[in-house]
Amino acid sequence: MVNYFEILFYLSIFLLSILSYYFCVKNNKSSSKRKGYKLPPGSMGWPYIGETLQLYSQDPNAFFINRQRRYGEIFKTKILGYPCVMLASPEAARFVLVNQANLFRPTYPKSKENLIGQSALFFHQGDYHNHLRKLVQASLNPESIRNQIPHIEELSITALNSWAGGHVVNTYHEMKKFSFEVGILAIFGRLEVHVKEELKKNYSIVDKGYNCFPTNVPGSPYRKALQARKRLGKILSEIIRERKEKKVLEKGLLSCFLNAKEEKGLLVLNEDQIADNIIGVLFAAQDTTASVLTWILKYLHDNPKLLECVKAEQKVIWQSNEQENHGLTWTQTRKMPITNKVVLETLRMASIISFTFREAVADVEYKGYLIPKGWKVMPLFRNIHHNPEFFPDPQKFDPSRFENALKPNTFMPFGSGVHACPGNELAKQEILVMTHHLVTEFRWEVVGSDSGIQYGPFPVPVGGLAARFWKESTTST
Ligand code: HEM
Ligand SMILES: *[C@@H]1O[C@H](CO)[C@@H](O)[C@H](O)[C@H]1NC(C)=O
């Protein structure tokens, strides 16, 4: 879950670590000479600050794309003191994320690790990561998601009803509330209302601090976030205590964690590890899904003909369910070809995880180039998703492009390899269920003019997409 704020953060450590950085580069230079491979092409920019200013003086995507044009699929740069190798081709991304994944470890700023918790799976590699991943995947498998659909449906109807009435809402903000609720559901199953409120309030303080400058001085958002994170730990251990005592049988990630048995090859976790991973999953699940949902609303609004097609597809399902008086089913969400393609095209266009970070754990050679040990390595998902070679006319929102077979490894909205998103199926279901009710029972209007992309934690339409919602009064049964 890397974002542009990550880069901002690097500025802070950078200022503190100019000296150690200086030695690092010296070492890297000598090691590259030793091996005889050359570094990838590209400019390291000014001493220390590298190409940071260039990155900030323009749209970050333009920065990456311009360099790809100039240098090709692999190029070096330096951002906020860190030498980086950027990879803009499907093969190179695959090399780092899949084939040689053991040579590239995930890397996150310490301040973020501390907020989420050091034991969360996405900071790890190797056995611990492997074991944890099995547990997380087990709780997010299709069987469990299938059972959650009625609850997800309820949550989306509640959310939509709360927006209806024509007042202006911040779509992203509201979608975050919704995806948080789904996250809670996937983790805890049912949860007492007051416990959920406590979690929600404290988590939102953590969330605010996550995207702030990480100074631990009294009153700073980051410090408040650390304190709220501690309280979250307490709330979670209280929930765990109660579940153990009362032998509560709820489905979800927490139960998977609590019921893990070593003899089945599953890792038994201590309370801190459980807490870190629960916060981690909540974090991975919330903003990502919310920003995709926000983009879907925008793209559908901008493409009225497409919206009509999606509506038509969903109305058929809606009417048959209305007649038979039941809710959406897993089988139905699997048979929404048009809507599904809209979701895929949204994932491509918005590429909300534009890139990710790894760090080379050893000197690595790729196509004759050296990736020195300790350098950051960034697979650029967005560049791949916007390369006209793979996606003709890439700036056009065109779901029909997904009717044709894609070139291998060119579409990675959920990443790839050992760290690929274990929540992808839940995310898709959530998005389909929300879209179903949105287009069949509501209409909406985007407020204000189109003013582009806001590069927050995840890119969203500027202002989080201000919109008005109304419940359709005429239900066509
Ligand atoms: C549309 C929404 C989502 C998108 C686009 C998305 C995308 C991604 C991507 C690209 C990665 C890999 C990051 C990397 O390799 O550095 C990832 C990892 C992850 N995602 Fe998602 N995600 C979404 C929703 C979710 C949801 C709903 C959950 C959980 C319920 C979730 C849980 C995770 C976790 C736990 C990881 C870390 C996996 C690991 O390190 O092994 N994500 N996600
Ligand atoms: C946070 O959690 C604590 C319990 O540890 C609770 O008393 C408090 O009301 C919660 N909410 C906020 C905003 O801190």
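This structure is a prediction, so every number in the text was calculated from the model and none was measured.

### Considerations on the UniProt feature "binding site: heme" (unreviewed entry) in the protein chain
And then number 1: Residues annotated in UniProt with the feature "binding site: heme" (unreviewed entry) correspond here to Cys 421.
And then number 2: Among the structural elements, Cys 421 can be located in the loop between helix H17 (381-385) and helix H18 (424-441).

### Brief notes about the environment of Lys 208
And then number 1: The residue Lys 208 is located in helix H10 (residues 193-210) in this model.
And then number 2: Residue class for Lys 208 comes out partly exposed when judged on the 14 C-beta atoms lying within 10 Å of it.
And then number 3: Apart from the residues lying within four places of it in its own chain, the contact partners of Lys 208 are Pro 221 and Ala 225.

### Regarding the pairing of strand E2 (residues 82-87)
And then number 1: Where burial is concerned, most of E2 is hidden: 5 out of the 6 residues are buried.
And then number 2: Across 6 bridges, strand E1 (residues 74-79) lies against E2 in antiparallel orientation. Across the sheet, Ile 79 pairs through a bridge with Tyr 82, a residue of E2.
And then number 3: Connecting E1 to the antiparallel partner E2 that follows it, the hairpin turn spans 2 residues, and Leu 80 within it adopts a positive phi of roughly 45 degrees.
And then number 4: Sheet analysis places E2 next to strand E8 (residues 376-379), joined by 4 bridges and oriented parallel. Paired with Cys 84 across the two strands is Lys 376, which belongs to E8.

### Some details on the site of ligand 1
And then number 1: Taken together, 25 residues lie near ligand 1, and Ala 284, Thr 356, Gly 415, Cys 421 and Gly 423 sit nearest.
And then number 2: Elements that contribute at least two residues to the shell around ligand 1 include exactly helix H7 (126-139), helix H13 (271-302) and H18.
And then number 3: Top element by residues in the shell around ligand 1 is H13. It accounts for 6 residues.
And then number 4: When the residues that make up the shell around ligand 1 are grouped by side-chain class, the tally is 18 nonpolar, 6 polar and 1 charged.

What counts, and at which threshold
- Residues numbered from 1 in each chain as written.
- Chains lettered and ligands numbered in written order.
- Predicted model: local features only at pLDDT ≥ 70, side-chain atom pairs only at ≥ 80, totals over all residues.
- UniProt positions renumbered as here; feature names shortened; annotations may be inferred.
- Helix = DSSP H or I, 4+ residues; strand = E, 2+ residues; numbered from the N terminus.
- Buried ≥ 20, exposed ≤ 12 C-beta atoms within 10 Å, placed from the backbone.
- Contact = placed C-beta atoms within 7 Å.
- Pairing = 2+ DSSP bridges.
- Near = placed C-beta within 6 Å.
- Nonpolar A, V, L, I, M, F, W, Y, C, P; charged D, E, K, R; others polar.

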